[in-house]
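Descriptive structure summary
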Amino acid sequence: MITAVISGLLLLWPLISQRGIKEIDTRVAIQLINHQDALVLDVRDDSEYAAGHLPNSRHIPSEKIEERWIEIQKFKEKPIVIIYRSGIRSNRASVVLKKNGFAQVFNLMGGIDTWKRANLPIVKR
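Report on the accompanying structure. Every chain begins its residue count from 1, and numbering advances along the sequence as written. In keeping with the predicted nature of the model, local features appear solely for residues at pLDDT of at least 70, side-chain atom pairs appear and are counted solely at 80 or more, and the whole-chain, interface and lining totals rest on all residues. To get the side-chain values, take all heavy atoms of the structure and skip hydrogens and water.

Moving on: the sheet that holds strand E3 (residues 58-59). We call two strands paired when DSSP finds no fewer than two bridges between them. Labels follow the DSSP assignment, with helices taken as runs of H or I lasting at least four residues and strands as runs of E lasting at least two, numbered in each case from the N terminus. The strand order E1-E5-E4-E2-E3 describes an open sheet built from five strands, whose pairing is parallel. Each edge of the open sheet carries a strand with a single partner, namely strand E1 (22-24) and E3. The pairing of E1 with strand E5 (residues 104-108) spans three bridges and is parallel. Directly across from Glu23, in E5, lies its bridge partner Asn107. In what follows, a contact means two residues having at least one pair of non-hydrogen atoms within 4.5 Å. Working convention: axes come from line fits to C-alpha atoms, limited for helices to the stretch in contact. Angles between N-to-C directions cover 0 to 180 degrees. Sheet strands touched by helix H2 (residues 26-35): E1, strand E2 (39-42), strand E4 (79-83) and E5. Its angle to E1, the strand with the most contacts, is close to 95°.

On to the pattern of salt bridges, then. Here, a salt bridge means any side-chain nitrogen of Lys or Arg that lies within 4 Å of a carboxyl oxygen of Asp or Glu. Counted by the stated rule, this structure contains six salt bridges. Measuring nitrogen to oxygen at the nearest pair gives 3.6 Å for the salt bridge that ties Lys78 to Asp37. Remark: Asp37 occurs in the loop between H2 and E2 and Lys78 occurs in the loop between helix H4 (65-68) and E4; sequence separation between them is 41 residues. As a salt-bridge pair, Arg85 and Asp113 come within 3.8 Å of each other at their nearest N and O atoms. Residue Arg85 is found in the loop between E4 and helix H5 (87-99), and its partner Asp113 is found in helix H6 (residues 111-117); the two are separated by 28 residues along the sequence. With a 1.4 Å probe rolled over the protein chains alone, any residue whose accessible area is under 20% of its type maximum counts as buried; one over 50% counts as exposed, and the rest are partly exposed. With relative accessibility at 44%, the residue Arg85 sits in the partly exposed group.

Below, the structure written as structure tokens:
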């Protein structure tokens, strides 16, 4: 009985720790971008973003999301796909957006590295 409870808690922990933020794979991200006009929000730092990012993505570093989320307020009803390097930054950004009324917030599972491994387009500026 105790093993079953512990197993259940371990399975639920990612959902609890992310406060209801969904993680999606590249296939779902592409569908949201192409068919639902999702906003791609890159929350990595400036140098990471400059080294390569998704086409047409918006850049707001995670440490500035609390003061700059208003810049993307017009996307509140659209899906938002968050791109990151590590899960801590994406969770923080996701929680801030959800708290401010963004309805559909998704983290790209594996972040930018997963996107690159799938040989999907990256641009540099």
